[in-house]
Every structure is written in structure tokens, then in C-alpha cells.
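# Tertiary structure, described
Chain by chain, the residues run as shown.
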Amino acid sequence: MSTLVFYSEFDSFEEWSQLLAPHLPGVTICRAETVQNPDEVHYALAWKPPHGFFAPYRNLKLLVNLGAGVDSLVGRDDLPNIPIIRLSDPDMARMMAGYVLFAVLRYARDIPAFERAQREQRWHYLHPRKPSSIRVGVLGLGELGAYTAQELVRQGFDVRGWSRSPKEMTGIRCSSGLASLNDFLSQSDILVVMLPLTPHTAGLLSAERLSRLPDGAAFINVSRGAIVDQAALTDALRSGQIAEATLDVFDREPLPPNDPLWQMENVLITPHLASVAIPASAAQQVAENIQRAARGKPVTNQVFPERGY
């Protein structure tokens, strides 16, 4: 017998188990607290499990990470050297692109100005700008970043992309490497942060780098809060050097009630939901990888936490 152990404070165990069970005959699917024999746990489906979570499972063969980010798996001493896969789900990419497109269009169409005018009962006309006149910088061109950048191209924006290693994408001006980062930032009227959190990206957007953005730029972060110096970002939003921000991620989550970002009229805050795993569309992919691991075959969508992707 094999057991799959589930852990997530955000995802539905009932939904995942109901969808996976028909594909995994002979595999018991349960939460950690109901595991009968830890030695029979061969698979784990988890999102941000607590420290020590994996220690009892000496025969673990595969970990499925319930999301795109793997930063919570870095530097753990309870995780054996096993394949780790992440969900590569078109619905997650579409969800992320939809969120970013909403945020970009909100700034491109000057919606915050109209929201302020409405609160003041003031008729305020601003002539719409051509999308091609607005430079949108996508910082990070991984699976989600590339999909999002292409969606922005379809909307007619002047899209630029930055990645650590060189990439070529139709309709997108791509740059790579730290030497080109400041120049990339200086040409981003709207910056979208989509990098994974790794030792190389932690603190990447320092106060000095944020100052490279054009005056009055808009800032969107859908990756990880620790990539940005949050205090410096708050100061830039206070001064108006960065005019507006849409923030889905923060250096501490939940964002503490006394954080000044809550009170800022030029900041839109959402609780880390730009893209989440959709069980109905991802369950078959998860089951297929578990079946591959059971037969000793290589898995797909493997990630390496120390690299961050």
C-alpha cells in the first residue's frame, strides 16, 4: 500500500482527494494527522508545510508543490533528496495573466484618478492613452511571466522583459543579466514583478534600484514580497516617485494591521491570490506524475528549490 499525505492551509483536501482518487487506485489519500503508517507515505501534496513536516516520512518518493513558488522548500533539513514537481497548469497561468492585465489596464486607463474623482463627486475627464505609448516591464520571464508578457503584447502595450539568462520572445524587447537591470527599470512606466524568490533575487529591488523607475511609474508585485525592499517601496509611494502600486505579496504575510501600506490611497492590496492551484484542471497532471514515480520513471515539471525554479 502507498499513502499520499496532504498539507495546505489554503487548499481544499476534500476537493483534491475527490479528484485524485479515481486516478490513483491503491493509494490512500489523507491529511497528516490521519496517517496510519508513516513508512507507507510515498507521496506528498503540500503547500508551505511547517518545519519538520517531512521528517516522519522516511520512504517519501515524490513531493508535489501546490503552487508555482518553491521558496518555502529551500534550506530544509527535513526534506529528503527526492524529485519535487510544481503544478504547470494553464489555468494558473491564465489566472495570473488576468490579474496582471487587470492591474496594468487599471493604470493604463487612469482608473485610480476616476476612483478619486468619484469619491469627491467630481466629473474628471482624462483622454485615454494609446497602449503602444505605455512601456510595461515584466521582471521575470519564467512560465507565468512569459505567458503574462504575451497577453500584454496582445493588448497592444510596449512590452519589455528581463530575465537572468537570455531569452527571445516575439513582440517583446528582452534583456538579461544584472548589468542591464537598471536600464530595464528606467524604461518601465509600469513594472510587473514576476521573479521567483531565490538567493539571487532576495532584496533585488533595493531603494537604489527602485529609484531607477521613471518618476510617476506604477508598480505591480505578484511574485514574493522579499524581492522588494518594502520600506523603500513605501517611501517611494509616499513621495510620489512611484505613483501607484498593486501589491499581492509582502515581506510579512498577512500584512500586519499597523503597516502604513494599508492607509495609502495609491496602493491596492490583495491577499496573495493572483494565481492559485485549480484542482479540477491540475489533478490529472498530479496523478500522472505520481504514477510515473511509482513506476520509477522520470517526472515532469521538476523543480530545484535552491535554484528557485
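Cut-offs used in this document
- Residues numbered from 1 in each chain as written.
- Predicted model: local features only at pLDDT ≥ 70, side-chain atom pairs only at ≥ 80, totals over all residues.
- Heavy atoms only, no water.
- Buried < 20%, exposed > 50% of the residue type's maximum accessible area, 1.4 Å probe, protein only.
- Helix = DSSP H or I, 4+ residues; strand = E, 2+ residues; numbered from the N terminus.
- Arc of directions from axis to C-beta.
- 1 Å grid on protein atoms, 1.4 Å probe; cavity = no way out; pocket = protein on both sides within 12 Å on 5 of 7 lines; lining within 4 Å.
- Points joined across faces, edges and corners; volume = space filled by probe spheres on them.
- Domains from an automatic or database assignment.
- Pairing = 2+ DSSP bridges.
- UniProt positions renumbered as here; feature names shortened; annotations may be inferred.
- Expected span 1.5 Å × (residues − 1).
- Contact = heavy atoms within 4.5 Å.
- Axes fitted to C-alpha atoms, helices over the stretch in contact; angles between N-to-C directions.

Looking at an unreviewed UniProt entry, the chain carries the name Glyoxylate/hydroxypyruvate reductase A, with the source organism given as Kosakonia arachidis.

Moving on: helix H3 (residues 111-119). Buried within H3 we find Pro112, Ala113 and Ala117. For H3, the buried positions fall inside an angular range of 140° around the axis, keeping them on one side. Relative to its buried face, H3 has exposed residues pointing more than 90 degrees away, namely Gln118 and Arg119. One or two residues past the end of H3 sits Gln121, with phi positive at roughly 55°.

Let us now look at the layout of surface pockets. Rolled over the atoms, a probe with the dimensions of a water molecule shows which regions are left empty. In this structure, the largest pocket encloses a volume near 1,200 Å³. Lining the largest pocket are 50 residues, with Ala68, Gly69, Val222, Ser223 and Arg224 sitting closest to its centre. The element best represented in the lining of the largest pocket is helix H4 (residues 143-154), accounting for 3 residues. Residues lining the lining of the largest pocket come from more than one domain, with at least three contributed by each of domain 1 (2-89 + 277-307) and domain 2 (90-269).

Our next topic: the pairing of strand E4 (residues 62-65). Side-chain alternation along E4 places Leu62 and Val64 on one buried face and Leu63 and Asn65 on a second face that is also buried. As paired elements, strand E3 (residues 41-46) and E4 share 4 bridges and run parallel to each other. Paired with Leu45 across the two strands is Val64, which belongs to E4. Examined bridge by bridge, E4 and strand E5 (residues 84-86) share 3 bridges and lie parallel to one another. Across the sheet, Leu63 pairs through a bridge with Ile84, a residue of E5.

The next thing to look at is the UniProt feature "domain: D-isomer specific 2-hydroxyacid dehydrogenase NAD-binding" (unreviewed entry) in the chain. When the UniProt feature table is mapped onto this chain, "domain: D-isomer specific 2-hydroxyacid dehydrogenase NAD-binding" (unreviewed entry) is found at residues 103-274. For residues 103-274, helix accounts for 27% and strand for 19%, while the C-alpha atoms at its two ends are 11 Å apart.

Across its 16 residues, helix H8 (residues 279-294) extends 21 Å between first and last C-alpha, which sits within 8% of the 22 Å expected from 1.5 Å per residue. Taken residue by residue, H8 has Pro279, Ala282, Ala283, Gln285, Val286, Ala287, Asn289, Ile290 and Ala293 as its buried positions. Following H8 by one or two positions, Gly296 adopts a phi angle in the positive range, close to 80°.

Let us now look at the sheet that holds E3. Reading across the sheet, the 6 strands line up as E2-E1-E3-E4-E5-E13 and stay open at both edges, with mixed pairing between neighbours. Either end of the sheet is taken by a strand with one partner, and the two such strands are strand E2 (27-31) and strand E13 (302-303). Contacts from helix H1 (residues 13-20) reach strand E1 (2-7), E2 and E3, with the element oriented near 175° to E2.

Let us look at the side chain of Asp158. In this fold, Asp158 is placed in strand E7 (residues 158-163). Using a relative accessible area of 18% as the deciding quantity, one classes Asp158 as buried. Ignoring any residue separated from it by four or fewer positions in sequence, one finds Asp158 in contact with Pro131, Ser132, Ile134, Arg135, Val136 and Arg173.

Following Glu253, the chain continues to Pro254 via a peptide bond in cis, the omega torsion being -5°. Residue placement: Pro254 occurs in the loop between strand E11 (242-247) and strand E12 (267-269). Positive phi, normally seen in glycine, also occurs at Gln121, with a value near 55°. By the element assignment, Gln121 lies in the loop between H3 and strand E6 (135-139). Backbone geometry places Asn301, a non-glycine residue, at a positive phi of 60°.

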